[in-house]
Amino acid sequence: LFTSGTRTSADLMPTRLSAPDLHRYIPVDTPAAAVAFVTGWRPDLAVFVEGEIWPNLLLATKAAHIPLALVNARMTRRSIEGWAGRMRTARHLFSLFDLAMSADQRTAEALSLFRDGPINTIGNLKLAVTPPRIEAGKISALKHQIGERPVWLAASPHAGEDEVLIAAHTALRLGAPDALLILAPRHPERAMDVEIACRKQGLVPVKRSSGQVPDPRTPIWLWDTLGELGLAMKLAPVTFVAGSLQPGIGGHNPVEPVQLSSAVISGSFVENFRDLYQALEDHDGAIIVDDHSSDRIALAVAGLLGDPDRRDALPRHAGEVIAEGASAMADTVTGLLALLGRQN
């Protein structure tokens, strides 16, 4: 049973789960709803991922004598400060877990303040994710339709980031008028707003959801579909990982473009993945732009599109960093199986 709290994730689950796996929305975190959910499903094991701390659901699960695990735990500096301001509550809730496995050292140090039990630091599970399977025939057909144009991807921009990235593409086209931007908004339901933003800057897009393919003059391909971001990354030798141009979002995971051999550029607001981005930058595996102006982003993209050796080196170096976390999944599964054995 897989639970989540957004419509976007619910729409994606049918493509990721297979029978008899199920998806349900997480219950509203009230005592009555939490007890009803736990009583109705009677799980053998409850696994909470990253920072999904639902107090009433935790308490109801513990009261039902169901083993509790916190895996891939990740805390931003802001969340650590928030919990530290409610130390009594934090110690009570985090001590409910029978198993706690952190994704990074910063989180492990914070958890050591919030619970008495052991904390295992095993690395980020997202580093262990296998790359999506992309049909070679589909890639080949789309590349043939696009032709030999310079292509880059703006992956998962949020509202307020679209305009900057569209302006960066406008600047890029001053030197490379045939350049194509694949623009894949974080929430596809924003496609209309993104299209309007494109048109305001004089760039008329075609839409992936309508089955349209760009012709040689099309400046932007609006990738407004779910579950196809990996395909876009395979098409684009350079990926700007968005969610990083404004505070409060925390950045997005750079692992997938690296796995698909796309060179990563990111803004500097990457609090959710600070350790990973720092390691990538230290090993020449990604470019982090501190200046979030459209001109600076355009320069970074143009530099990679015009330098094949550098463009190929970035994902290769990044892959070496990511490989260090490849054992995280196996270690997590081992820990969870041990909990099930303890219950029996």
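Residue numbers restart at each chain and count upward from 1, following the sequence in its written direction. For a predicted model such as this one, the threshold for reporting local features is a pLDDT of at least 70, and the threshold for listing and counting side-chain atom pairs is 80 or more; totals across whole chains, interfaces and linings nevertheless cover every residue. Remark: hydrogens and water are excluded; side-chain values derive from all non-hydrogen atoms of the structure.

A. Molecular detail of the sheet that holds strand β5 (residues 99–102). Strand pairing requires that DSSP identify at least two bridges connecting the strands. In this description a helix means any DSSP run of H or I spanning at least four residues, a strand means any run of E spanning at least two, and both kinds are numbered starting from the N terminus. Strand order across the open sheet formed by 4 strands is β3-β4-β5-β6, with parallel pairing between neighbours. The open sheet terminates on both sides in strands that have one partner only, identified here as β3 (46–49) and β6 (120–121). In this structure, β5 lies alongside β6, joined through 2 bridges in parallel fashion. Opposite M101, over in β6, you have N120 as the bridge partner.

B. Quick peek at helix α6 (residues 105–114). Buried means the residue's accessible area, taken with a 1.4 Å probe over protein chains only, is under 20% of the maximum for its type, while exposed means over 50%, and partly exposed covers the values in between. All of the buried residues along α6 are R106, T107, A108, A110, L111 and F114. Against the buried residues of α6 lie β4 (68–73), α4 (77–84), α5 (87–94), β5, β6 and α12 (274–282). Counted as a polar contact is a pair of N or O atoms within 3.5 Å, where, for protein atoms, one must be capable of donating a hydrogen and the other of accepting one, and residues adjacent in sequence contribute only when both atoms are in side chains. If you check the start of α6, you find a side-chain oxygen 3.3 Å away from the backbone N of R106, and it comes from D104. In this analysis, two residues are considered to be in contact whenever any of their non-hydrogen atoms come within 4.5 Å of each other.

C. Layout of the nonpolar core. If you look at the biggest cluster of nonpolar residues, it comprises 32 residues, and the most contacted ones within it are W152, L165, L183, F240, I265 and I297. Sorting elements by how many residues they give to this core places helix α13 (residues 294–305) first, with 6 residues. Once residues within four sequence positions are removed from consideration, L183 is found in contact with A154, P157, I166, V194, C198, I220, W221, L222 and W223. In plain words, nonpolar cores are sets of buried Ala, Val, Leu, Ile, Met, Phe, Trp, Tyr and Cys residues tied together by side-chain atoms within 4.5 Å. Ranked by size, the runner-up nonpolar core spans 24 residues in total, among them A34, I53, A60 and A110.

D. Structural view of the packing of aromatic side chains. Here a Phe, Tyr or Trp ring, Trp counted by its six-membered ring, pairs with any other such ring whose centre lies within 6.5 Å, and the pair is stacked when the planes are under 30 degrees apart, edge-to-face when over 60, and tilted otherwise. Enumeration over the complete set of coordinates arrives at 5 aromatic pairs. On the numbers, 5.1 Å between centres and 75° between planes, the contact of W83 with F94 is edge-to-face. Pair noted here: W83 is in helix α4 and F94 is in helix α5, with a separation of 11 residues, a long-range link. Neither W83 nor F94 differs from the other in exposure class; each is buried. Their ring planes at 75° and their centres at 4.8 Å tell us that W221 and W223 sit as a pair that is edge-to-face. A network of ring pairs unites the aromatic residues W83, F94 and F114 as a single cluster. In this analysis the charged atom, NZ for Lys or CZ for Arg, is taken to sit over a ring once it is within 6 Å of the ring centre and within 35 degrees of the ring normal. The positively charged end of R74 is found above the aromatic ring belonging to F273, 4.6 Å away from the centroid. Above the face of the W83 ring, R86 is positioned so that its terminal group lies 4.9 Å from the ring centre.

E. Summary view of the environment of G147. Note that G147 resides in the loop between α7 (136–146) and β7 (151–155). The exposure class of G147 is partly exposed, given its relative accessible area of 34%.

F. Main features of the pairing of β7. Among the 5 residues of β7, 5 are classified as buried, and the element is accordingly described as predominantly covered. Residues of β7 alternate between two faces, with V151, L153 and A155 on one and W152 and A154 on the opposite face, all of them buried. Summarising the sheet, β7 and strand β8 (residues 180–184) pair through 5 bridges and their orientation is parallel. Along β8, the bridge assignment pairs A155 with A184. Look down the strands so they point away from you; if going from the first strand over the helix to the second traces a clockwise path, that crossover is right-handed. Note that the unit made of β7, helix α8 (residues 162–175) and β8 has a crossover that is right-handed. Relative to strand β11 (residues 238–241), β7 runs parallel, the two sharing 4 bridges. Looking across to β11, one finds that W152 is bridged to V238.

Structural measurements only, silent on function.
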